[in-house]
Amino acid sequence: MAASTAVLLDVKGASRSFGGLKALSEVSLHINKGELIGLIGPNGAGKTTLFNLLTGVYPPSTGKILLNNESVGGMKPFKINHKGAARTFQNIRLFTAMTVLENVKIAFHQHARHSLFSSMLRLPKHFKGEEEITQKAMDILKIFNLADQAQETAGNLSYGNQRRLEIARALAAGPKLLLLDEPAAGMNPNETRDLMNLIAWIREEFDLTILLIEHDMSLVMGVCNRIYVLDRGILIADGTPVEIRNNPKVIEAYLGQEA
Ligand SMILES: Nc1ncnc2c1ncn2[C@@H]1O[C@H](COP(=O)(O)OP(=O)(O)OP(=O)(O)O)[C@@H](O)[C@H]1O
């Protein structure tokens, strides 16, 4: 899909400190609607901190975050989620004792239209809502090839499938912006390739804009339109995959990590 030039996410000079540590310094970046953008950088560069600011886990110490032209910096996570930003976590966060289907349904419930009042009173509208949610959850599980395991306990899924279920849950919120924190971590090369194809596909299918943190460089280079590079809290580069691969600052940051 050709990315339109309308800006969906605009980060202006965002900083975040923890005590004396500046985890992010004056970071400015933007993502246009429909883009698939990579966010890379050595360990401790501030990638997850940026996700945490974008999703309301922490407010920025300074700076602005605009989602669809609306200032969302400092809003509570559920509010930003309702405004259209959903994420997955580096460490998988599922309800491991519940079924695969229940995991997705819970995510839907947070966005269900039927009111708390009708749910409490178990009005007919409630049951209609339940049926609809079950159907929608099953539809998403089908896309992720998890429908056959809908009644399986989530904790029993393979690691790769647990990661896929996390993304399925994030999609239940009907996001415009999907933030994926190392979605392929711990996957084998085949699982990783399948996942990347799936991410490219859901972007089209759900009309998504995606920001992806990933350590696997070939993977980021293969799927992303543009890439931002953080190092020690500072944005040191942005550009196309080819530009980033040849950028001396990026090469130095990564060599510095290995040294
Ligand atoms: N809640 C917190 N309290 C204190 N320090 C924090 C907190 N969150 C992050 N940091 C610090 O901020 C810096 C950036 O961490 P962050 O997790 O954002 O990096 P990262 O690029 O995601 O790293 P990795 O690739 O290792 O996941 C690190 O020095 C980290 O220890």
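Below you will find a few notes about this structure.

So, how was this worked out
Residues numbered from 1 in each chain as written. Predicted model: local features only at pLDDT ≥ 70, side-chain atom pairs only at ≥ 80, totals over all residues. Heavy atoms only, no water. Near = heavy atom within 4 Å. Polar contact = N/O pair within 3.5 Å; in protein donor to acceptor, adjacent residues only side chain to side chain. Areas by Shrake-Rupley, 256 points an atom, 1.4 Å probe, with all protein chains shown as cover. Pairing = 2+ DSSP bridges. Helix = DSSP H or I, 4+ residues; strand = E, 2+ residues; numbered from the N terminus. Axes fitted to C-alpha atoms, helices over the stretch in contact; angles between N-to-C directions. Buried < 20%, exposed > 50% of the residue type's maximum accessible area, 1.4 Å probe, protein only. Contact = heavy atoms within 4.5 Å. Parallel < 35°, antiparallel > 145°, perpendicular 65-115°, else oblique. Nonpolar A, V, L, I, M, F, W, Y, C, P; charged D, E, K, R; others polar. Core = buried A, V, L, I, M, F, W, Y, C linked by side-chain atoms within 4.5 Å. Domains from an automatic or database assignment. Salt bridge = Lys/Arg side-chain N within 4 Å of Asp/Glu carboxyl O.

## A word on the site of the ligand
Taken together, 14 residues form the shell around the ligand, and within it Gly 44, Lys 47, Thr 48, Thr 49 and Tyr 58 come nearest. Taking Gly 44, its main chain carries an N or O atom lying 2.8 Å from an oxygen atom of the ligand. Within the backbone of Thr 48, one N or O atom sits 2.9 Å away from an oxygen atom of the ligand. A total of 640 Å² of accessible area belongs to the ligand in isolation, and the protein chains cover 65% of it.

## Points about the sheet that holds strand E8 (residues 209–213)
With mixed pairing, six strands are arranged side by side in an open sheet as E6-E7-E8-E3-E9-E10. In the strand order of this sheet, the two ends are held by strand E6 (85–87) and strand E10 (234–239), each with one partner. In this sheet, neighbouring strand axes are inclined to one another by 20 degrees on average, regardless of whether the strands run parallel or antiparallel. With four bridges joining them, strand E3 (residues 36–40) and strand E9 (residues 226–231) adopt parallel strand pairing. Within E9, the position partnered with Ile 37 by the bridge is Arg 226.

## Section: the environment of Ile 227
Position of Ile 227 relative to the elements: it lies in strand E9. A residue is classified by how much of its surface remains accessible, and Ile 227, at 0% relative accessible area, is buried. Sequence-wise, Ile 227 and Val 242 are 15 residues apart; in three dimensions their C-alpha atoms are separated by 9.7 Å. If we ignore the near neighbours within four places in the chain, the residues touching Ile 227 are Gly 38, Ile 40, Val 220, Met 221, Ala 237, Asp 238, Gly 239, Pro 241 and Ile 244.

## Notes on the packing of helix H6 (residues 159–171) against helix H7 (residues 189–205)
Contact geometry of H6 with H7 gives a least axis separation of 11 Å together with a crossing angle of 10 degrees. Accordingly, the angle class assigned to the pair H6 and H7 is roughly parallel. Of H7, the residues touching H6 (which contributes Gly 160, Arg 164, Ile 167 and Leu 171) are Glu 191, Asp 194, Leu 195, Leu 198 and Ile 202. Each residue belonging to the contact of H6 with H7 can be placed in one class, and the counts come to five nonpolar, one polar and three charged.

## Observations concerning the pairing of strand E4 (residues 62–67)
In this sheet, E4 lies alongside strand E1 (residues 7–18) in antiparallel orientation, the contact comprising five bridges. Each bridged residue has a counterpart across the sheet, and for Val 11 the counterpart in E4 is Ile 65. Hairpin connection of E4 to strand E5 (residues 70–71): two residues between the antiparallel strands, including Asn 68 at a positive phi of 55 degrees.

## Side note on unusual backbone geometry
One non-glycine residue with positive phi stands out, namely Asn 69, at about 70 degrees. Its location among the elements puts Asn 69 in the loop between E4 and E5. Residue classification places Asn 69 among the exposed positions, given a relative accessible area of 69%. A positive phi is found at Asn 145, a non-glycine position, where the angle reads about 55 degrees. For Asn 145, the position within the fold is in the loop between helix H5 (124–143) and H6.

## Topic: the nonpolar core
Soluble globular proteins: nonpolar side chains tend toward being buried together. In terms of nonpolar packing, the biggest core is built from 50 residues, with Leu 141, Phe 144, Leu 165 and Leu 178 touching the most fellow members. Counting only domains with at least three residues in this core, you end up with domain 1 (1–84 + 176–259) and domain 2 (93–174). Residues in contact with Phe 144, not counting those within four places in the same chain, are Arg 164, Ile 167, Ala 168, Leu 171, Leu 198 and Ile 202. Formed by 27 residues, the second largest nonpolar core is a distinct cluster that contains Ala 14, Ile 37, Leu 211 and Tyr 228.

## Focus: the pattern of salt bridges
It is possible for side chains bearing opposite charge to pair when their charged atoms get close. Per the counting criterion, the structure on display carries seven salt bridges. Note that Asp 139 and Lys 142 form a salt bridge whose closest N and O atoms lie 3.8 Å from each other. Residue Asp 139 and its partner Lys 142 are both found in helix H5; the two are separated by three residues, about one turn of the helix. Put simply, Asp 231 and Arg 232 hold a salt bridge, and the shortest N to O gap is 3.5 Å.

## Remarks on the sheet that holds strand E2 (residues 21–32)
Taken in spatial order, the four strands of this open sheet run E2-E1-E4-E5, and their pairing is antiparallel. Looking at the sheet topology across the chains shown, the edges are occupied by E2 and E5. Judged from the eight bridges that link them, E1 and E2 form a sheet pairing that is antiparallel. Bridge pairing in E2 places Leu 9 opposite Ile 31. Contacting E1, E2 and E4, helix H1 (residues 47–54) crosses the sheet at an angle of about 115 degrees to E1.

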